[in-house]
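These are the residues of each chain, in order.
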Amino acid sequence: MEDKKGLHENNKHKNGYDFKFLKEKYPQISEFVIEKFDKETIDFSDPVAVKEFNKALLFAYYNIKDWNFPDENLCPPIPGRVDYIHHLADLIPDEKEVTVLDIGTGASCVYPLLGASVYDWNFVATDIDLDSLDYSQDIIDDNNLDAKIKLRQQFDELNVLKGITEEDDAFTLTMCNPPFYKSEEEARGANRRKSRNLGNNTVRNFAGNSNELWYLGGEKAFLHTYLYESSLQPELSKWFTSLVSKKENVKSLQDSAKKLKVKEFKVIPMSQGNKVTRIVCWRF
């Protein structure tokens, strides 16, 4: 098991993957396990193998028995997703009753599943796509998590917080994994490059529907909308947070935060192997 450098100290996957354990707990993964450099692994360019691998992790480590959604939706990598959850827990060490707003939960409902499993947090999860919410609800029902996770639909694709919050809402945290790209064309171009780098001629392993992958103006526009809308409801949440993939977007967000009277602004670095990202956090 190779060390997964950069993962949070509480991440169960920080020391690599125990395929013997995974095969015992989730036998279906066995057909996808291969030998490479005298170690067991899977073919990470194979979308079917990747999805089954993440199902195995959820089943073996997080007691998520059923996790089914269409192949055209994004398949989130569990080690990186649970890292976000662990870093959020560090922000609120003394909180007992935690309720989180997950913006753009997608068809996989991955953050609420992990937050409920690891920390027993409660979630309100939103998405603009009704089909994604339907699949998320099926996952919630199949895992008996209806008491922990509630879903809401966002009807305006340009809004982030506006339109989905209610008068008596009071969140401990808000979290978000924003769309990276400005358009479908930009997303497809990036997927083709990633696919070539993996030696794969298809782009299926980088699936994702429109609202998961792009937003008018891209990640920067989304983040600034999120920040501005949070300033209109500063009491909505103790901390507002988001993943940020592009480092250059942090500075402009920080500059805008000062103008909007943000009291505290933090940047938490995250990495998994060679992939580097960060969480931005602000509060009023």
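Refer to the structure presented above.
This structure is a prediction, so every number in the text was calculated from the model and none was measured.

Caption draft 1: Molecular detail of the pairing of strand S3 (residues 99-103). Counting buried positions over the five residues of S3 gives four, a clear majority of the element. Pairing of S3 with strand S4 (residues 122-127) involves five bridges; the strand directions are parallel. Note that in S4 the partner of Thr 99 across the bridge is Asn 122. Here S3 runs beside strand S6 (residues 171-176); their pairing, made up of four bridges, is parallel. Across the sheet, residue Asp 102 finds its bridge partner in S6, namely Met 175.

Caption draft 2: Expanded view of helix H2 (residues 47-62). Taking 1.5 Å of rise per residue, the 16 residues of H2 would be expected to cover 22 Å, and the 22 Å separating its terminal C-alpha atoms lies within 8% of that figure. Burial within H2 is extensive, with 13 of its 16 residues counted as buried. For H2, the N-terminal cap is Asp 46; the gap from its side-chain oxygen to the backbone nitrogen of Val 48 is 3.0 Å. Just past H2, the residue Asn 63 takes up positive phi, approximately 60 degrees.

Caption draft 3: How the structure looks around helix H4 (residues 110-119). Most of H4 sits out of view: seven of its ten residues are buried. All of the buried residues in H4 are Val 110, Tyr 111, Pro 112, Leu 113, Leu 114, Gly 115 and Ala 116. Directly after H4, the chain includes Asp 120, whose backbone phi takes a positive value near 60 degrees.

Caption draft 4: Quick peek at the environment of Phe 265. Secondary-structure assignment places Phe 265 in strand S8 (residues 264-272). Every residue in contact with Phe 265, bar those within four places of it in the chain, is listed here: Val 250, Leu 253, Gln 254, Ala 257, Val 280, Cys 281 and Trp 282.

Caption draft 5: Structural context of the sheet that holds S8. Reading across from one edge, S5-S4-S3-S6-S7-S9-S8 is the order of the seven strands in this open sheet, with mixed pairing throughout. Each of the sheet's edge strands pairs with one partner strand only, and the pair in question is strand S5 (149-153) and S8. The sheet shows a mean angle of 20 degrees between the axes of neighbouring strands, taken without regard to direction. Along the sheet, helix H5 (residues 130-142) makes contact with S4 and S5, crossing S5 at roughly 170 degrees. Running at roughly 175 degrees to strand S7 (residues 237-244), helix H8 (residues 218-232) makes contact with S3, S6, S7 and strand S9 (275-283) of the sheet.

Caption draft 6: Geometry of a negative patch on the surface. Together, Asp 66, Asp 131, Asp 134, Asp 138, Asp 141 and Asp 142 make up a region of like negative charge exposed at the surface. As for its position among the elements, Asp 141 is in helix H5.

Caption draft 7: Structural view of the environment of Gln 153. Checked against the element boundaries, Gln 153 lands in strand S5. When its relative accessible area of 23% is taken as the criterion, Gln 153 is described as partly exposed. Other than its neighbours up to four places away in sequence, Gln 153 contacts Asp 127, Ile 128, Leu 130, Leu 133 and Ile 164. Within the local environment of Gln 153, its side chain forms a polar contact with the backbone oxygen of Ile 128, the two atoms lying 3.3 Å apart.

Caption draft 8: The side chain of Asn 11, seen in detail. Looking at where Asn 11 falls in the secondary structure, it is placed in the segment before helix H1 (19-25). You can call Asn 11 buried: its relative accessible area is 2%. Reaching out from Asn 11, the side chain makes a polar contact with the backbone nitrogen of His 13 at a distance of 2.9 Å. Not counting residues up to four positions away in its chain, the partners in contact with Asn 11 are Pro 79, Val 82, Asp 83 and His 86.

Caption draft 9: Expanded view of the pattern of salt bridges. Per the stated rule, a full pass over the model turns up nine salt bridges. One salt bridge connects Asp 146 with Lys 150, and the closest N-O pair in it is separated by 3.6 Å. Here Asp 146 falls in the partly exposed class, since its relative accessible area comes to 36%. Beyond isolated ion pairs, a larger network of salt bridges with shared partners links Arg 152, Glu 166 and Asp 169.

Scoring rules and cut-offs
Residues numbered from 1 in each chain as written. Predicted model: local features only at pLDDT ≥ 70, side-chain atom pairs only at ≥ 80, totals over all residues. Heavy atoms only, no water. Buried < 20%, exposed > 50% of the residue type's maximum accessible area, 1.4 Å probe, protein only. Helix = DSSP H or I, 4+ residues; strand = E, 2+ residues; numbered from the N terminus. Pairing = 2+ DSSP bridges. Expected span 1.5 Å × (residues − 1). Polar contact = N/O pair within 3.5 Å; in protein donor to acceptor, adjacent residues only side chain to side chain. Contact = heavy atoms within 4.5 Å. Axes fitted to C-alpha atoms, helices over the stretch in contact; angles between N-to-C directions. Patch = residues over 30% accessible without salt bridge, like charges linked within 9 Å, V, L, I, M, F, W, Y side chains within 5 Å. Areas by Shrake-Rupley, 256 points an atom, 1.4 Å probe, with all protein chains shown as cover. Salt bridge = Lys/Arg side-chain N within 4 Å of Asp/Glu carboxyl O. Lys, Arg positive; Asp, Glu negative; His and termini not counted. Charge placed at Lys NZ, Arg CZ, Asp CG, Glu CD.

That is the geometry; function is a separate question.
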